Structure formats: C-alpha cells, structure tokens
Amino acid sequence: MLRATRTRGRRCALLDASAAVACLAAFLTACAANSDGGYVAVGPPRPSATAVRPTGSVTLVPLDAPRSPAAGKSPDTRETSASPPATSSPTGAKSRRSSAPSPSPTPTAVPTRAPATPAALSWGDPVREATDQRWCEDVTLGFRNSGGTAVRSGTVTFGTHIIGALGIDWATIDSTEQLPVPITANGRKDKTWTVCVDAWRVPLGMHIETRDVTVAWK
C-alpha cells in the first residue's frame, strides 16, 4: 500500500515534468515565430496533488505591451505651458500718478519786518574854540540818529551872541549851515564849523559866543 502510493507519486511527478517540458518547448517555438519579440512568464510549475495535462491550446500572453515613444513618458510628466508674464502699463500708471492730487507745499513763513521808524536826531552842547580873529570861532557839534531811517538832508542854525567888555550881551546873530548828511539809522557824526559875524559888530575889547543851536532835518 505504501509502495503503491510512492510509485504513483513518482509517475505523477514525471508526468507533470513532461507536461512542463512540452509547454516550454511550445513556448520557445512560439517565441521564435513571433517577430514582435514579446515576453511570457516562465516559472516552475505549481505543486499539485494531481498532475493535469493541458487539454486546450496554449496561448502566450506578453507581460508588457511594446512601448511607443509617447508611452515612454511618465504619466506624472505634464507639459505645462508657461503662463505669459504679467505686463505692466507704464502709460496707465503714469496717468494714474498724474491724476492723483499732489500734496500742497507747506507755506514757508515769511519773516515780517517792522516798519522803519523815522529819523530821530539829537545833538550835544556846542564845543567852542577861539580863532585868531575875535569875530570868528570854531564850533563843533556831535549828532546821533536813534531812528530807523537815515537823515538825508537838514540844516543847523547857530545863534552867536556879541558880548561887550563888561559882559553885556549886546546882540545875537544867526547863521545857518548844512548838516553833515547822511547820518545813518543808529549812526553818529561830528562836524566842526567856523562861525563868523561881521567884523564891525565886534569892536576891540568885545568877543562872540555861539551858544544857541537849532537843527532841522528830514
């Protein structure tokens, strides 16, 4: 009983190997005849408890279909067309800039100047000095303009007193001279005049004294 089972197993194995050899031979013949050069899966026969002979025709199925140049591309590879670059509109941008209201400039503060004040002339007491003639003497005056406008013209009038030998004031003689112009605003100027009266008005023993000063200017 045990031997019969073993003998039957060997026969089934031989039959199974014969069938595999026959299939392989048929496959090789078909491959040689096939000009496309296809492939077929070949492997050891699956173990089976019962040997089964092929009852139908053998069909060879290639593992992979021939690849065309288009099929060689990866399915994930996509031809993407580059999006056109965004174009700017310089003319429109310029129109938008020109149409926008420009900020108004900040007004610059203009310093205001105070109106100029008129000339204000002042002077001191006359400084007298005798000459070699008793009817003449040198008189010096100092002027100061404390106003905001220069003195452009004017006159100074001297009052000269004739003094007798006993100190009696016999007469006063006026004489007019021109101011030393211009005298600028906040400026100062000195001037010396030789003031004289008629010689016959001052006899021997008498003299003159210029005491009075009157100034007019504009």
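Residues numbered from 1 in each chain as written. Predicted model: local features only at pLDDT ≥ 70, side-chain atom pairs only at ≥ 80, totals over all residues. Heavy atoms only, no water.

For the chain, the count of helices and strands is 2 helices and 7 strands. Seen in sequence order, the chain has helices and strands lined up from the N terminus as α-α-β-β-β-β-β-β-β. For the chain, the residues scored as buried account for 17% of the 218 residues in total. In the chain, the share of contacts with a sequence separation of at least 24, taken over all contacts with a separation of at least 6, comes to 69%. Approximately 17000 Å² of the chain is accessible, and the part contributed by carbon and sulfur atoms is 57%. (Helix = DSSP H or I, 4+ residues; strand = E, 2+ residues; numbered from the N terminus. Buried < 20%, exposed > 50% of the residue type's maximum accessible area, 1.4 Å probe, protein only. Contact = heavy atoms within 4.5 Å. Areas by Shrake-Rupley, 256 points an atom, 1.4 Å probe, with all protein chains shown as cover.)

Before going further, it helps to examine the pattern of salt bridges. Inspection of the entire model under this criterion finds 4 salt bridges. Of the charged contacts in the structure, one is a salt bridge between Arg-201 and Asp-198, with a shortest N-O distance of 3.5 Å. What makes Arg-201 partly exposed here is its relative accessible area of 30%. The closest approach of N and O atoms between Arg-211 and Glu-209, which form a salt bridge, is 2.5 Å. (Salt bridge = Lys/Arg side-chain N within 4 Å of Asp/Glu carboxyl O.)

Under the definition given, this model contains 3 aromatic pairs. Each ring, one from Trp-123 and one from Trp-217, has its centre 6.4 Å from the other, and the planes form 75°; the classification is edge-to-face. Within this pair, whereas Trp-123 is found in strand S1 (residues 121–123), its partner Trp-217 is found in strand S7 (residues 207–217), the two being separated by 94 residues in sequence. On the basis of relative accessibility, which here comes to 32%, the residue Trp-217 falls in the partly exposed class. Each ring, one from Phe-143 and one from Trp-193, has its centre 6.3 Å from the other, and the planes form 85°; the classification is edge-to-face. (Phe/Tyr/Trp six-rings, centres within 6.5 Å; stacked < 30°, edge-to-face > 60°.)

This next bit is on the sheet that holds S7. The strand order S5-S4-S7 describes an open sheet built from 3 strands, whose pairing is antiparallel. Unpaired on one side and paired on the other, strand S5 (169–178) and S7 mark the two borders of the sheet. For this sheet the average axis-to-axis angle between neighbouring strands, irrespective of direction, equals 20°. Both strand S4 (residues 154–163) and S5 contribute to a ladder of 9 bridges, which runs antiparallel. Note that in S5 the partner of Thr-157 across the bridge is Thr-176. (Pairing = 2+ DSSP bridges. Axes fitted to C-alpha atoms, helices over the stretch in contact; angles between N-to-C directions.)

A few words now on the state of the cysteines. Under the counting rule described, the total for this entry stands at 1 disulfide. Two residues, Cys-136 and Cys-196, share a disulfide whose sulfurs are 1.9 Å apart. In this structure, the disulfide formed by Cys-136 and Cys-196 twists by about 120° around the S-S bond and is classed as right-handed. Placement of Cys-136 in strand S3 (residues 136–145) and of Cys-196 in strand S6 (residues 188–196) is noted, with a sequence separation of 60 residues between them. (Disulfide = S-S within 2.5 Å.)

Quick look at a nonpolar patch on the surface now. Nonpolar side chains collect at one region of the surface, where Leu-166, Ile-168 and Trp-170 lie side by side and expose about 410 Å² of accessible area between them. On the secondary structure map, Ile-168 appears in the loop between S4 and S5. Exposure remark for Ile-168: the relative accessible area of 42% places this residue in the partly exposed category. (Patch = residues over 30% accessible without salt bridge, like charges linked within 9 Å, V, L, I, M, F, W, Y side chains within 5 Å.)

Let us now look at the nonpolar core. Residues Phe-143, Val-156 and Phe-158 are the most contacted members of the largest nonpolar core, which totals 14 residues. The biggest single contributor to this core is S3, with 3 residues. Excluding residues that lie within four positions of it along the chain, Phe-158 makes contacts with Val-139, Leu-141, Ile-173, Asp-174, Ser-175, Glu-177, Trp-193, Val-195, Thr-210, Asp-212 and Val-213. Ranked by size, the runner-up nonpolar core spans 5 residues in total, among them Ile-162, Val-202, Met-206 and Ile-208. (Core = buried A, V, L, I, M, F, W, Y, C linked by side-chain atoms within 4.5 Å.)

Turning our eyes to something else, we now look at the side chain of Thr-210. Along the chain, Thr-210 falls in strand S7. For Thr-210, a relative accessible area of 1% puts it in the buried group. Here Thr-160 takes part through its side chain, which lies 3.1 Å from a polar atom of the side chain of Thr-210. Those residues in contact with Thr-210, other than ones at most four positions away along the chain, are Pro-126, Arg-128, Glu-137, Val-139, Phe-158, Gly-159, Thr-160 and Val-195. (Polar contact = N/O pair within 3.5 Å; in protein donor to acceptor, adjacent residues only side chain to side chain.)

Peptide bonds are trans in most cases, and residues, glycine excluded, mostly fall at negative phi. Residues Val-181 and Pro-182 are joined by a peptide bond in cis, for which omega reads -5°. Its location among the elements puts Pro-182 in the loop between S5 and S6. Notably, Asn-186 is not glycine yet its phi reads approximately 60°, a positive angle. Using a relative accessible area of 55% as the deciding quantity, one classes Asn-186 as exposed.

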